[in-house]
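Structural description and commentary
Letter by letter, the chains look like this.
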Amino acid sequence: GTLDDSTRLDSSATASAPAASKDSSSSTKRSPGTSLVRKAIATAKMGGGEGSGTSTQAAEGTYVRRANHAGSWYESNPRQLNQTLGRYLSDAAAADNSKPPKDGGTSRSSGNEREGGVPRAIISPHAGFSFSGPCAAYAFLALREALVAASANTSTSVGDGNGDGDGDGGSGGIFTVVVLHPSHHVYLAGAAVSGATQLQTPIGNLAVDDSLRNELVQTGEFTTMKQHVDEAEHSGEMQYPYIAQVIQDSNSAADVRVLPIMIGAVSTSQEQGFGELLAPYLSRSNVFTVVSSDFCHWGTRFGFSPHSLTAADGTPCNDIADYIEWLDRQGMNQIELQRPGAFADYLREHSNTICGRHPISVWLNSLATNRDRGTEVVDVKFVKYDQSSRVRHVSESSVSYASSVARLR
């Protein structure tokens, strides 16, 4: 693939969009999820084993994940990479201070919204840093902020999985970044955790949260990635240097660990099931979620090139790039509203090639579950939008990037 992330979209990105579903933001209470998860994900377990590049074996880490895309998608030289990411973060922070958000936080020029509570999650793109790095910086400012807050409260402890934040289940000082990312290269009918002990980056290695991995594997609903699958997948890796950078910048006293989770080509009901299952883990006060996704992959090489001078709602489009942005923002609006059912309906209607649609949907279902249970309520705002190039002719192509931040309400 090329650095703008115009890689071959896997079956999870190009399969027919999910059927219309009832919006989970309705007044109907969501089930606690145990029986639903096991029923909805029954077929997901069949995705494990040799053919899918995952294993159902024990959850202990067995390898150090190498920085497979260093030197191509981003600099392999530590000083150069540090300077590049530092510049992107500085530029984003400067824009944040000089340009107030517009249109509820979804305008192209909007900065990272600091109003509201502590940051709890972000959506970040995963193309080569020369393409999506500046956009991703707007999201990672929020992780840096969360790490500073965590450093001020080093008594944070690993929770017990019941979402009450009392930390009954572990030792103090641990802060975990869960990275939900898609699969571009292997077919996976469920979800798989990384089998690594460490994640290498040129800036510094990241420790994998072995304890949380064991908890998830013990549910019986997650397989474990094999090394070659883990290292081939760029959508997780493109988050790791930024995580290492903001850990360094924040001077955090917390013991920061990471747990990558690959979300495969799951159905709408499986997205809800995994969302409900992950909800109590993601709501722990010492867990921060990074959702990895690019947005529209437009062009004939992607098999997706709709365009019009007037969008369906009457919005004028001066060129194809404007139409692409309109299309992306329809989905971004549903994400901000935290309506997983409406987001699924949007994908069904428009078939937008959002490669991380399954991780996004799982996360949205987790947010809805925690909201309905009264565990945690957040506000989600997109803080930056960009495109790899502005398409004006049908022979051209582009990939869209969007960064969002979820903050405690």
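Residues numbered from 1 in each chain as written. Predicted model: local features only at pLDDT ≥ 70, side-chain atom pairs only at ≥ 80, totals over all residues. Heavy atoms only, no water.

**Observations concerning unusual backbone geometry**
The condition is simple: Only DSSP runs of H or I covering at least 4 residues are called helices, and only runs of E covering at least 2 are called strands; the numbering of each starts at the N terminus. Three labels apply to residues, based on accessible area from a 1.4 Å probe with only protein chains included: buried if under 20% of the type maximum, exposed if over 50%, partly exposed otherwise in between.
The phi angle at asparagine 251 is positive, at roughly 50°, despite the residue not being glycine. Structurally, asparagine 251 is set in the loop between helix H8 (240–250) and strand E9 (255–263). Owing to a relative accessible area of 63%, asparagine 251 belongs among the exposed residues under this scheme. The phi angle at serine 351 is positive, at roughly 55°, despite the residue not being glycine. Within the secondary structure, serine 351 is located in the loop between helix H11 (340–350) and helix H12 (357–372). Serine 351 sits in the partly exposed class, given a relative accessible area of 39%.

**A short note on the side chain of serine 403**
Threshold: When checking whether two residues touch, look at their non-hydrogen atoms; a contact exists if any pair is within 4.5 Å.
On the secondary structure map, serine 403 appears in strand E13 (residues 398–408). With residues up to four places along the chain from it excluded, the contact list for serine 403 reads Ile123, Ser124, Pro125, Cys135, Ala136, Tyr138, Ala139, Lys381, Phe382, Val383 and Lys384.

**Side note on empty space enclosed by the protein**
The criterion, for reference: Think of a 1 Å grid over the protein atoms and nothing else: a 1.4 Å probe that fits but is trapped marks a cavity, an open set flanked by protein within 12 Å on at least five of seven lines marks a pocket, and residues with an atom within 4 Å of a point count as lining. Grid points are joined across faces, edges and corners, and a volume is the space filled by probe spheres set on the points. Nonpolar residues are Ala, Val, Leu, Ile, Met, Phe, Trp, Tyr, Cys and Pro. Charged residues are Asp, Glu, Lys and Arg, and all others, Gly as well, are polar.
Scanning the model with the defined rule gives three cavities of 30 Å³ or more in all. Broken down by element, the lining of the largest cavity gets its largest block of residues, four residues, from H12. Split into classes, the residues belonging to the lining of the largest cavity amount to six nonpolar, four polar and two charged. Size it by volume and the second largest cavity reaches roughly 40 Å³. If you trace the second largest cavity, you find it lined by Gln338, Leu367, Asn370, Arg371, Glu376, Val377 and Val378. For the lining of the second largest cavity, the element with the highest residue contribution is H12, accounting for three residues.

**Here's the deal with the confidence of the model for the chain**
Close inspection of predicted coordinates is inappropriate in any region flagged by low pLDDT. Formally: Residue-level confidence of the predictor is summarised by pLDDT, bounded by 0 at the bottom and 100 at the top.
Looking at the chain, pLDDT values average 83 and 77% of them are 70 or higher. A low-confidence stretch, residues 6–36 (pLDDT under 50), is modelled with 77 contacts involving residues beyond four sequence positions or located in other chains.

**Considerations on H11**
Along an α-helix, residues three or four apart share an orientation, since each turn contains 3.6 residues. Among the 11 residues in H11, eight count as buried, and that is most of the element. Among all positions in H11, only Pro340, Gly341, Ala342, Phe343, Ala344, Tyr346, Leu347 and His350 are buried. The inward-facing, buried residues of H11 contact helix H9 (268–282), helix H10 (320–336) and H12. Residue serine 351 follows H11 closely and has a positive phi angle near 55°.

**Concerning the nonpolar core**
Definition in use: Here, nonpolar core means buried Ala, Val, Leu, Ile, Met, Phe, Trp, Tyr and Cys residues that are tied together by side-chain atoms lying within 4.5 Å of each other.
In terms of nonpolar packing, the biggest core is built from 99 residues, with Phe140, Phe175, Ile261, Ile335 and Trp363 touching the most fellow members. Tallying contributions element by element places helix H4 (residues 129–151) first for this core, with 12 residues. Contact partners of phenylalanine 140, with chain neighbours within four places excluded, come to Leu89, Ile122, Ser124, Gln239, Tyr242, Ile243, Val246 and Val290. One finds Ala127, Cys135, Phe302 and Val399 within the second-largest nonpolar core, a separate group that totals five residues.

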